[in-house]
Amino acid sequence: MYFSRAKLNRHALRSNQFADVINEGYGAHKLAWRLFSDHERRERDFVYRWKREGGEPVLYVVSDREPAETAAFDIQTKAYDPDVSAGEWFEFSVVVNAVVKQRDANGRQTRHDVVLKAKREDTSLSDDQAALVAGKAWLDAQGSRHGFRVESTGFRVNEHTTRRFKKTRGSNEISLSTLDLEGLLECTDVSAFRDALFHGIGPAKGYGCGLLMIRRVAM
């Protein structure tokens, strides 16, 4: 596996060609895929995340293959094989598409944003309270499947937002709700946790969600 940090260079940042990337539109998704799409039928074998650093977009990727060279990016890549043990603690950062599945009156399964669902069920919750409660519950459920436990103290939601974009002009609009989460977690199952680090958590990984970034801490 490989871990890469790719930053748009000055020429790209000044070019109108990348305005959609800078504004976090569909172009950000296409550009991330371009680094790994060596042929039309290539299936996704990477997870990624765009972050703002100094006001500029930076792409982080965990992948099976090294990214392709491109004139738009300055890319740093290294082998990624994290040495983790059960009981170790890590600071984490992750952007997730936190949704739950429910069946409607007609028996059709639909996905619901956990924050909006929490507010519908308890109208006394503020937006921030709903994001904190629902985000923690969603991540706890992910942790039980992916080999980690999230500490309640210090858990925070940096942002709950909905992005809307179109793949092509005239196509249907894509709506994607995300939570930007940070805090502390404990590894409880090495194999499951490493799989989460390599392949991400939750849905919408193809749109930049699910990459779990960690840093070891002493507890």
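Preceding this paragraph is the structure being described.
Given the structure is predicted, the values throughout are model-derived calculations rather than measurements.

Peer 1: Please explain the pairing of strand β2 (residues 46–53) as it appears in this structure.
Peer 2: Both faces of the sheet carry side chains from a regular strand, because those side chains alternate between them. The pairing of β2 with strand β3 (residues 56–63) spans eight bridges and is antiparallel. Residue pairing in the sheet places Trp-50 in a bridge with Leu-59 of β3. Here β2 folds back onto β3, and the loop between the two strands holds two residues, one of which, Gly-54, carries a positive phi near 65°.

Peer 1: Could you clarify how one ought to interpret the sheet that holds strand β4 (residues 73–79) in this entry?
Peer 2: Working definition: the strands of a sheet are paired by backbone hydrogen bonds and lie parallel or antiparallel to each other. Spatially, β2-β3-β1-β4 is the arrangement adopted by the four strands of the open sheet, whose pairing is antiparallel. Pairing within the sheet leaves two strands with one partner each, and these edge strands are β2 and β4. Strand-to-strand, the axes of this sheet are offset by a mean angle of 20°, without reference to chain direction. Sheet topology note: the strand β1 (residues 2–8)/β4 ladder contains seven bridges and is antiparallel. If you follow Tyr-2 over to β4, its bridge partner there is Ala-79. Contacting β1, β2, β3 and β4, helix α3 (residues 26–34) runs over the sheet at an angle of about 125° to β2.

Peer 1: Please explain the side chain of Ser-93 as it appears in this structure.
Peer 2: Residue placement: Ser-93 occurs in strand β5 (residues 89–96). Judged by relative accessible area, which is 9%, Ser-93 ranks as buried. Within the local environment of Ser-93, its side chain forms a polar contact with the side chain of Arg-49, the two groups lying 2.7 Å apart. Sequence-distant contacts of Ser-93, defined by excluding residues within four places in its chain, comprise Arg-49, Leu-181, Glu-182, Leu-211, Leu-212 and Met-213.

The rules behind the values
- Residues numbered from 1 in each chain as written.
- Predicted model: local features only at pLDDT ≥ 70, side-chain atom pairs only at ≥ 80, totals over all residues.
- Heavy atoms only, no water.
- Pairing = 2+ DSSP bridges.
- Helix = DSSP H or I, 4+ residues; strand = E, 2+ residues; numbered from the N terminus.
- Axes fitted to C-alpha atoms, helices over the stretch in contact; angles between N-to-C directions.
- Contact = heavy atoms within 4.5 Å.
- Buried < 20%, exposed > 50% of the residue type's maximum accessible area, 1.4 Å probe, protein only.
- Polar contact = N/O pair within 3.5 Å; in protein donor to acceptor, adjacent residues only side chain to side chain.

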